[in-house]
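Each chain is listed here by its residues.
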Amino acid sequence: MRPIINVSGTMTALGASIMVPEAIEAMAAIAPQFLDMAELHQSASEEIVRATGAESGIVTASAAAGIIIAVAAAMTGPSLPAIKMLPLRAKGIKGDVVLQGGHDVDYGNSLTQAIRIAGGTPVVCGTSSAVTAAQIEDAITENTAAGLFVVAHTTARTGMVDLPTFARLCHVRDVPVIVDAASEYDLRRFLAEGADLVIYSGHKFLGGPTSGIIAGRRDLIEACRLQNSGLGRAMKVGKESIAGLIAALDAWTRRDHTGIRQSERAALDLWQASLAGTPGLEIKIVPDPTGNPLDRLEIRVLPKSGTTATALTKTLAAGSPSIVVRGHKVDEGVFWLDPCNLHPGQATIVAEALSDLAGRLR
Ligand SMILES: *Cc1c(COP(=O)(O)O)cnc(C)c1O
């Protein structure tokens with residue numbers, strides 16, 4: 001395989017994140033063992049409770065699986081006959097899942113497909129750029145199983161109703177609120193803002209194995225667990241992932257977040273200096289759009305540079321080692337360098353590649 005330096009972020013297409021050593025060790029240790037899986041799930045729940053402040057928690061195969069299972073749980077509650085029937089809805093099972101137009105995102109599959117896999121019916125309020133509280137109120141009916149709220153850089157940045165308001169509108173009608181916070185560092189905020197269930201990815205900022213977390217209300221987590229006897233079975237999470245995630249969560253609570261932030265900042269400063277003064281490039285350090293404690297270097301490629309963002313990112317990716325940037329907006333002439341997945345020494349290699357690039361544009 002070609003070696004890759006990841007300055008893109010935690011991307012499934014690149015292998016997600018650098019797994020922390022604690023997770024790797026825990027996975028290797030449990031791999032040859034037999035154990036009571038219910039006990040292991042219980043330990044995981046306790047670790048999730050410690051990290052999030054939730055009543056209870058469960059490990060899933062991924063955040064994407066967690067969304068499907070959470071929706072299924074909100075629909076069926078603890079009813080095993082209803083769980084066994086999904087994605088068909090047993091008589092009397094509510095199926096509408098209300099979400100805002102600007103939250104109808106794609107993270108590999110679309111959120112609305114996740115709802116449909118669970119047997120739910122997506123009810124999208126407003127448009128991709130504007131939603132009012134009244135539109136959400138109107139969308140909630142006798143048949144609403146859940147409200148689904150997304151926190152991600154891919155949602156609409158403006159025009160949406162915020163989580164505390166969304167949660168209040170749902171709760172006055174006794175509708176549980178599910179929050180997809182797969183990429184968010186803050187393990188407590190969304191529960192505090194009204195989420196009944198919140199979903200995180202295990203293999204993004206946490207540096208765990210491929211896995212997901214659902215944290216929240218005890219009765220709903222129990223309904224999530226019961227989905228393992230239904231559509232959750234095809235999304236089974238193994239002992240090695242559960243053990244790895246427990247270790248990653250524990251490591252997260254003890255991680256030197258300030259030190260990591262400082263070394264990320266040093267990488268950004270170095271890269272900015274490597275490109276400084278290049279004609280036709282606008283370079284600045286920008287904060288994460290959803291408020292994670294993470295900055296990135298933004299590089300805007302102006303026409304007067306004589307090149308394009310697409311050409312520059314292709315050159316970086318074609319080098320040896322290949323440097324893969326955050327390039328989802330190259331068509332708009334902009335890309336980012338994300339410092340959160342670097343091994344020691346890689347920031348310098350990236351800086352040298354950037355200096356080369358700048359040299360050719362001068
Ligand atoms: C990454 C992501 C997902 C999917 O997470 P996986 O754990 O990789 O399945 C879902 N929603 C959002 C907002 C994400 O950023």
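The shown structure was predicted, so the numbers you read here are calculated from the model rather than taken from an experiment.

A. Quick look at the site of the ligand. As a structural note, the neighbourhood of the ligand is formed by Thr-12, Ser-62, Ala-63, Ala-64, Tyr-107, Ala-152, Asp-180, Ala-182, Ser-183, Ser-201, His-203 and Lys-204. A distance of 2.7 Å separates a nitrogen atom of the ligand from a polar side-chain atom of Asp-180. At 2.9 Å from an oxygen atom of the ligand is found a side-chain nitrogen or oxygen belonging to His-203. Considered on its own, the ligand offers 380 Å² of accessible surface; in the complex 88% of this is hidden by protein.

B. Looking closely at helix H10 (residues 239–254). Between its terminal C-alpha atoms H10 stretches 23 Å, which fits the 22 Å expected from 16 residues at 1.5 Å a residue. Listing the buried residues of H10 in full gives Ser-241, Ile-242, Ala-243, Gly-244, Leu-245, Ile-246, Ala-247, Ala-248, Leu-249, Ala-251 and Trp-252.

C. Seen up close, the sheet that holds strand E5 (residues 144–150). The 7 strands lie next to each other as E2-E8-E7-E6-E5-E3-E4, forming an open sheet whose pairing is mixed. Each having just a single partner strand, strand E2 (56–60) and strand E4 (121–125) make up the two edges of the open sheet. Within this sheet the neighbouring strands show an average axis-to-axis angle of 25 degrees, counted without direction. Helix H3 (residues 63–76) contacts E2, strand E3 (96–100), E5, strand E6 (177–180), strand E7 (197–201) and strand E8 (212–216) of the sheet and is inclined by roughly 165 degrees relative to E7.

D. Expanded view of the state of the cysteines. Counted according to the given criterion, the structure contains 0 disulfides. Distance from the sulfur of Cys-170, which forms no disulfide, to the nearest cysteine sulfur (Cys-125) is 8.8 Å. Taking relative accessible area as the criterion, Cys-170 reaches 0% and is therefore assigned buried. Summary of cysteine pairing: Cys-224 is not part of a disulfide, and the nearest cysteine sulfur, belonging to Cys-170, is at 17 Å.

E. Up close: helix H1 (residues 21–30). Of the positions making up H1, those classed as buried are Ala-23, Met-27 and Ile-30. The arc that holds the buried residues of H1, viewed along the axis, is 75 degrees, so those residues lie on one side. Among the exposed residues of H1, those oriented more than 90 degrees off its buried face are Pro-21, Glu-25 and Ala-28. At its buried positions, H1 is contacted by helix H2 (37–52) and H10.

F. Summary view of the packing of aromatic side chains. In total, this model carries 5 aromatic pairs according to the counting rule given. Aromatic side chains Tyr-185 and Trp-252 sit 5.6 Å apart centroid to centroid with 65 degrees between the ring planes, which places their arrangement in the edge-to-face category. Taken together, the residues Tyr-185 in the loop between E6 and helix H8 (189–192) and Trp-252 in helix H10 connect sequence positions 67 residues apart. The class of Trp-252 is buried, set by a relative accessible area of 9%. Centre to centre, the rings of Tyr-200 and Phe-205 are 6.4 Å apart; their planes meet at 80 degrees, and the pair counts as edge-to-face. One exposure class covers both Tyr-200 and Phe-205, and it is buried. Geometry around Phe-34 places Lys-239 over its ring, the cationic atom sitting 6.0 Å from the centre.

G. Inspection of the domain arrangement of the protein chain at higher detail. Assigned domains of the protein chain: these are domain 1 (16–254) and domain 2 (256–361). One C-alpha centre belongs to domain 1, the other to domain 2; they are set 32 Å apart. Contact with domain 1, which involves 12 residues of that partner, is made by 13 residues of domain 2. The junction of domain 1 with domain 2 conceals about 1000 Å² of combined surface from both sides, 54% of it contributed by carbon and sulfur atoms.

Criteria and thresholds
Residues numbered from 1 in each chain as written. Predicted model: local features only at pLDDT ≥ 70, side-chain atom pairs only at ≥ 80, totals over all residues. Heavy atoms only, no water. Near = heavy atom within 4 Å. Polar contact = N/O pair within 3.5 Å; in protein donor to acceptor, adjacent residues only side chain to side chain. Areas by Shrake-Rupley, 256 points an atom, 1.4 Å probe, with all protein chains shown as cover. Helix = DSSP H or I, 4+ residues; strand = E, 2+ residues; numbered from the N terminus. Expected span 1.5 Å × (residues − 1). Buried < 20%, exposed > 50% of the residue type's maximum accessible area, 1.4 Å probe, protein only. Pairing = 2+ DSSP bridges. Axes fitted to C-alpha atoms, helices over the stretch in contact; angles between N-to-C directions. Contact = heavy atoms within 4.5 Å. Disulfide = S-S within 2.5 Å. Arc of directions from axis to C-beta. Phe/Tyr/Trp six-rings, centres within 6.5 Å; stacked < 30°, edge-to-face > 60°. Lys NZ or Arg CZ within 6 Å of the ring centre and 35° of its normal. Domains from an automatic or database assignment. Buried area = accessible area lost by both parts, 1.4 Å probe.

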